[in-house]
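Tertiary structure, described
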Amino acid sequence: MTSFRSHGAPRLAFAGLLLLATNVSAHGHDMSAIEEGEHMSAEPIDSILWTHIILMTVTFGIIFPAGMVLGITRNRWHVPTQAFGTVLALVGYFLGHMHGGRVFAHNIHASFANSLMLMLAVQIVFGIYLKFHITKGFHGKIRKVAVYGHGIVGKVMPVVSWIQMLFGGITALGFCRGDHLGQCLAHFIMGSAFIGYGILLTIMMLVGQHWLRSTGRSQEFFDSAVIAAWGCVNTFTEHRWGGPWVANDIQHTTMGVIWWAAGLTGVWLSRKRDGSPKRNFVPGFVIALTGWAMSAHPQHIPLSSMVHTAFGYTLMAAGISRIIEVAFVLKDANTISADGDANSWQYIPPFLLYASGFLFMGATEEQMKLVSDAHITHVSYVLVIYSFAFLLFLLTNVLLHLYAVNAVPTVPPKDIEAPRRLPRINGHHRNTPSRQIRDAEEFELEGLMSDEDELKSPESPSTLGRNNESRVD
């Protein structure tokens, strides 16, 4: 059993987190600097607060997600990475309560920080307990709970961190108060949904094909089901039923109707007559149609109209490129690459969804007024938004690459015979699951292929093991 003394640093970090979580209100900021009717003072953001923003963004946006991936793959760098991130998080948390300059009224970012830091404290407790490797007696049952809890909280933390980062940006600018709250919710929820959809497509494209085959469903089945559910929500929430139809209520509601109608169609078309999974055009078509509708969305500020048009065109491009991918590039297959990687065209639809999400989140009334008053053109603004999309797309691909190279070793091609293992004491060879599957396939096809067919149809090389085989011994 690992010595308890060797875990002194994590224990101190956990104690510090508990102390901070119970003393959040001790800011010491002078609220009298905030003018009546405002939600923050007029002073600029000082260097300490900028340092807080940078540290927390790097820690919760890059270091902790990387540590999560290393933990999933059971890499030895998981603990050092998370420990380093915890130290930076503690420093950033202190700086967030020590800054001068701009003063903020009570806000969601400060309140939600408690939940995020509590999750971090729980992760540290689970991690320290699991590091002891106690499996005997009652601890055996506790360990199972700790393993599941550590995994679940670790996977939820990136989503919670994303929400907290959005809250931080909103608070720093004093946005989304009063009458603007509803529009902010719509833009940030829908924009985050597009980005999340793009991330899921990237995951499924690069490392999720084996899981998808195990479900017996096509990608479009899950996409269409979510589209239908989201359409039902939009149909009954975009208008206050019983009241007058105002502003864009009709357009928002009809978009909800087309989403659930098309989603149900996509679910039906996702299976062949024999029940096997089948790909279809519906999700891509719905995305393109939504983009067309949003490109003509009426706005009060000319700059806002131009940004919404760019958002609509980007979403249209995402939908059209998805249809081309399914119908013409993949020809209804899940992948065409022999080495487990994706075709270059397949990267286009997910990236455009990232860009669409950022554009929509950056198109609220308050943001558009701020950019317009600063005399920034829509071209410059859209280019900056696309830069953020590229950075998140890069981070996602780096994390997936980190997972792919650490998850399982590379499977040798089928047409290259691996050296046989030495016989065991009992005289039997130990066959790997992949070897047993190949032997079974060769046995089943042996009587169906002629010698000429065998010469003309060599076995195709296998993938890297992430998309075709779940584990290799």
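Since the model is a prediction, treat every value here as computed from it, not as a measurement.

Bringing the pattern of salt bridges into the picture now. This model, assessed by the stated rule, comprises five salt bridges. A salt bridge links Glu220 to Arg322; the shortest N-O distance between them is 2.7 Å. Here the residue Glu220 occupies a position in helix 8 (residues 219-237), and Arg322 occupies one in helix 11 (residues 302-329), the gap between them amounting to 102 residues. A single burial state applies to Glu220 and to Arg322, both of which are buried. Here Asp223 makes a salt bridge to Arg322, at a shortest N to O gap of 3.0 Å.

For the coordinates displayed, the defined rule picks out 14 aromatic pairs. Ring pairing ties together the aromatic residues Tyr347, Phe351, Tyr354, Tyr386, Phe390 and Phe393, which thus form one cluster. Stacked on the ring of Phe221, the Lys or Arg Arg217 has its end atom at 4.3 Å from the ring centre.

Secondary-structure assignment places Asp332 in the loop between helix 11 and helix 12 (348-361). In this structure Asp332 comes out as partly exposed when scored by relative accessible area, which is 36%. Expressed as a C-alpha distance, the spacing of Asp332 and Arg279, which sit 53 residues apart in the sequence, is 5.5 Å. Leaving out residues up to four positions away in the same chain, Asp332 has contacts with Lys278, Arg279, Val326 and Ala327. A polar side-chain atom of Asp332 sits 3.4 Å from a polar atom in the side chain of Lys278.

Rules used throughout
Residues numbered from 1 in each chain as written. Predicted model: local features only at pLDDT ≥ 70, side-chain atom pairs only at ≥ 80, totals over all residues. Heavy atoms only, no water. Salt bridge = Lys/Arg side-chain N within 4 Å of Asp/Glu carboxyl O. Helix = DSSP H or I, 4+ residues; strand = E, 2+ residues; numbered from the N terminus. Buried < 20%, exposed > 50% of the residue type's maximum accessible area, 1.4 Å probe, protein only. Phe/Tyr/Trp six-rings, centres within 6.5 Å; stacked < 30°, edge-to-face > 60°. Lys NZ or Arg CZ within 6 Å of the ring centre and 35° of its normal. Contact = heavy atoms within 4.5 Å. Polar contact = N/O pair within 3.5 Å; in protein donor to acceptor, adjacent residues only side chain to side chain.

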